Amino acid sequence: MTAPAAAVENEQRDSAVFDVERLRACFPILEREVRGHRLVYLDNAASAQRPEVVIDAVSDCYRTYYANAHRGVHALSEQSTDAYEAARAKVARFIGAPDSHEVVFTRGTTESLNLVAQSYGRRHLEPGDEVLLTEMEHHSNIVPWQLVCEQTGARVLAAPITDDGELDLDRFAGMLNERTRVVALAHVSNALGTVNDIPAVVELTRARSDAAVVVDGAQAVPHMAVDVAALGCDFYAFSGHKMYGPGGIGVLWGRRELLAAMPPYHGGGSMITRVTFERSEYMAPPQRFEAGTPAIAPAIGLGVAVEFLESTGLDPIERHEQELLSHTMEVLNDLPWVRVPGHASNAGSARAAVVSLVIDGAHPHDVATILDEQGIAIRAGHHCAQPLMDRLGVPATVRASFGLYNTHEEVDLLVSGLHEVRRIFG
Ligand code: C6P
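Nothing here was measured: the structure is a model prediction, and the numbers come from that model. (Residues numbered from 1 in each chain as written. Predicted model: local features only at pLDDT ≥ 70, side-chain atom pairs only at ≥ 80, totals over all residues. Heavy atoms only, no water.)

Asks: Before we go on, may I ask you to explain the domain arrangement of the protein chain in this structure?
Replies: In many reports, interface size means the accessible area that the parts give up when they come together. When cut into domains, the protein chain gives domain 1 (3-31 + 313-425) and domain 2 (55-310). With 37 residues of domain 1 at the interface, the matching set in domain 2 holds 31 residues. The contact between domain 1 and domain 2 buries some 2600 Å² in all, and 56% of this surface belongs to carbon and sulfur atoms. Counting the surface domain 1 buries against domain 2, the share from its top three residues, Leu314, Leu388 and Arg391, is 24%. Counting across the domain 1 and domain 2 interface gives three salt bridges. Of the charged contacts, one joins glutamate 135 and arginine 391 as a salt bridge, the two residues approaching to 3.3 Å between their closest N and O atoms. Summed over the shared surface of domain 1 and domain 2, the number is 18 residue pairs in polar contact (both at pLDDT 80 or more). Of all the secondary-structure elements, those providing two or more residues to the side of domain 1 that touches domain 2 are α12 (314-333), β14 (354-359) and α14 (386-392). For the side of domain 1 that touches domain 2, the element with the most residues is α14, which contributes six residues. For the side of domain 1 that touches domain 2, the per-class residue count stands at 20 nonpolar, 11 polar and six charged. (Domains from an automatic or database assignment. Contact = heavy atoms within 4.5 Å. Buried area = accessible area lost by both parts, 1.4 Å probe. Salt bridge = Lys/Arg side-chain N within 4 Å of Asp/Glu carboxyl O. Polar contact = N/O pair within 3.5 Å; in protein donor to acceptor, adjacent residues only side chain to side chain. Helix = DSSP H or I, 4+ residues; strand = E, 2+ residues; numbered from the N terminus. Nonpolar A, V, L, I, M, F, W, Y, C, P; charged D, E, K, R; others polar.)

Asks: Got a minute to help me understand helix α3 (residues 52-65) in this structure?
Replies: Note that an α-helix has 3.6 residues per turn; residues three or four places apart therefore point the same way. Between its first and last C-alpha atoms α3 spans 19 Å; for 14 residues at 1.5 Å apiece the expected length is 20 Å, and the two agree. Buried-residue contacts for α3 involve α4 (75-94) and α11 (296-312). (Expected span 1.5 Å × (residues − 1).)

Asks: How should the sheet that holds β14 be read in this particular structure?
Replies: By way of backbone hydrogen bonds, the strands of a sheet pair with one another, either parallel or antiparallel. In spatial order, the strands read β13-β14-β17-β16; together these four strands make up an open sheet with antiparallel pairing. At either margin of the open sheet sits one strand with a lone partner, and together these are β13 (338-339) and β16 (379-381). In terms of strand pairing, β14 meets strand β17 (residues 397-401) through four bridges, oriented antiparallel. Of the residues in β17, the one forming a bridge with valine 355 is alanine 400. Here α12 sits on the sheet in contact with β13 and β14, set at roughly 15 degrees to β14. Relative to the sheet, helix α13 (residues 364-373) contacts β14, β16 and β17, its axis offset from that of β16 by approximately 160 degrees. (Pairing = 2+ DSSP bridges. Axes fitted to C-alpha atoms, helices over the stretch in contact; angles between N-to-C directions.)

Asks: Which parts of the structure should I look at to understand the site of the ligand?
Replies: Taken together, 16 residues are adjacent to the ligand, and Thr110, Asp216, Gln219, His241 and Arg379 come closest. The contact in question runs from an oxygen atom of the ligand to an N or O atom on the side chain of arginine 399, over 2.7 Å. Protein coverage of the free-state accessible area of the ligand, which is 510 Å², stands at 87%. Among the residues forming the shell around the ligand, the class breakdown is four nonpolar, eight polar and four charged. Both domains that meet at the shell around the ligand, namely domain 1 (3-31 + 313-425) and domain 2 (55-310), each give it at least three residues. (Near = heavy atom within 4 Å. Areas by Shrake-Rupley, 256 points an atom, 1.4 Å probe, with all protein chains shown as cover.)

Asks: Help me understand the pairing of β17 in this model?
Replies: Most of β17 sits out of view: five of its five residues are buried. Neither face of β17 is exposed, since Thr397, Arg399 and Ser401 on one face and Val398 and Ala400 on the opposite face are all buried. (Buried < 20%, exposed > 50% of the residue type's maximum accessible area, 1.4 Å probe, protein only.)

Asks: Teacher, can you tell me more about the sheet that holds strand β10 (residues 250-254) here?
Replies: Sheet architecture is open: seven strands sit in the order β4-β10-β9-β8-β7-β5-β6, paired in mixed fashion. Edge strands, defined here as strands with exactly one partner in the open sheet, are β4 (103-106) and β6 (155-159). Neighbour-to-neighbour, the strand axes of the sheet open up by a mean angle of 20 degrees, direction not taken into account. For strand β8 (residues 212-216) and strand β9 (residues 235-239), the ladder comprises three bridges, and the chain directions are parallel. Within the sheet, the bridge partner assigned to valine 214 lies in β9 and is phenylalanine 235.

Asks: Please clarify how the pairing of β4 should be interpreted in this entry.
Replies: Two faces, one strand: in a regular strand the side chains alternate between the faces of the sheet. Alternating residues of β4 divide into Val103 and Phe105 and Val104 and Thr106, and every residue in both groups is buried. In this sheet, β10 lies alongside β4 in antiparallel orientation, the contact comprising four bridges. The residue of β10 that forms the bridge with phenylalanine 105 is valine 251.

Below is the structure:
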């Protein structure tokens, strides 16, 4: 078969496989009405909705086999432990981790990043050392580094972004030096959708420093295939609730040799081999970092969310969401009173389906309220990225963030909602 013929065949297969209406039917909440309108859920970057299989997996765990994991020899505990560890293996496969011992379950991205900052950062940072972030980071990838810098005497720096909302790689490279101990950046910006070129960042970092590269993958894993081995980074953090999984569960992936050399972040049960009042000895990763009773049912639900994403296919999901993004940008282009700050004008730039809007003469919270009256859920505010808002010169934006179940019709409903805002605010 010729290459173009193969491409056509792939496309036909994907559109046959990617049946958005069939996928929507997997999400019970999408059937509900809000204020007399069918729900249009465009707040997926804050938290996505869950398919029935995930809800059922969590419910089934509590109904039929729940007990504490790694703590009992009785049948229920064994079953819960097996299911919990099977979920870890699924997550490892999902992100291309060479070894499931490299997958640490946490409460979410925030905890994962705090874990790296306090465990890896506290051990490696000294006065005068530098932690290099970017101007587009979420507070979860800023504040933990500020805390550890206060404790160690290191300092936080932020590499600039361009007016198009992209990391300025030349200036980033210029900021790397032998004092850089950590580079921490988002894979995908939660406010702009910018997709950072992680392999390029890793290559530049390795050439100029011995810094660890920490990637905040919260907004990437639901939208594109992620392979940590191919990215080449050292740590990768994400949350279950943004990838159609339960709340209260997240992941830190770390290279095995780095995790093995890191001290615990929390202390407690199930992370030790021996405790006396004089000292304690710790288990190997990942248990070393999972003190206390873990979020067992949410972890199991996350494993099912992973299977749901894999069976839907990350590439078809990405293509579908890219089509939604193109459609959104096209229709917004016709509205001169809507600005999309930090959205690259050059067609080649990589973006996830997240769009931040500013509407002349209307406060983002008022826009969100008017849209809510039409059943449209979007987020308004600084999106936990205040330094980015400062860089863009806006206090807040209205953000529409798409998921695999959104449709072109919903983009059009959003646009009609924006027209209504315009009508009200003149
Ligand atoms: N962003 C948003 O509306 P947690 O809360 O720990 O699951 O995720 C924190 C986090 C970290 N990094 C990025 C890039 C994120 O987008 C988020 C969460 C939500 O944009 C809630 S503020």
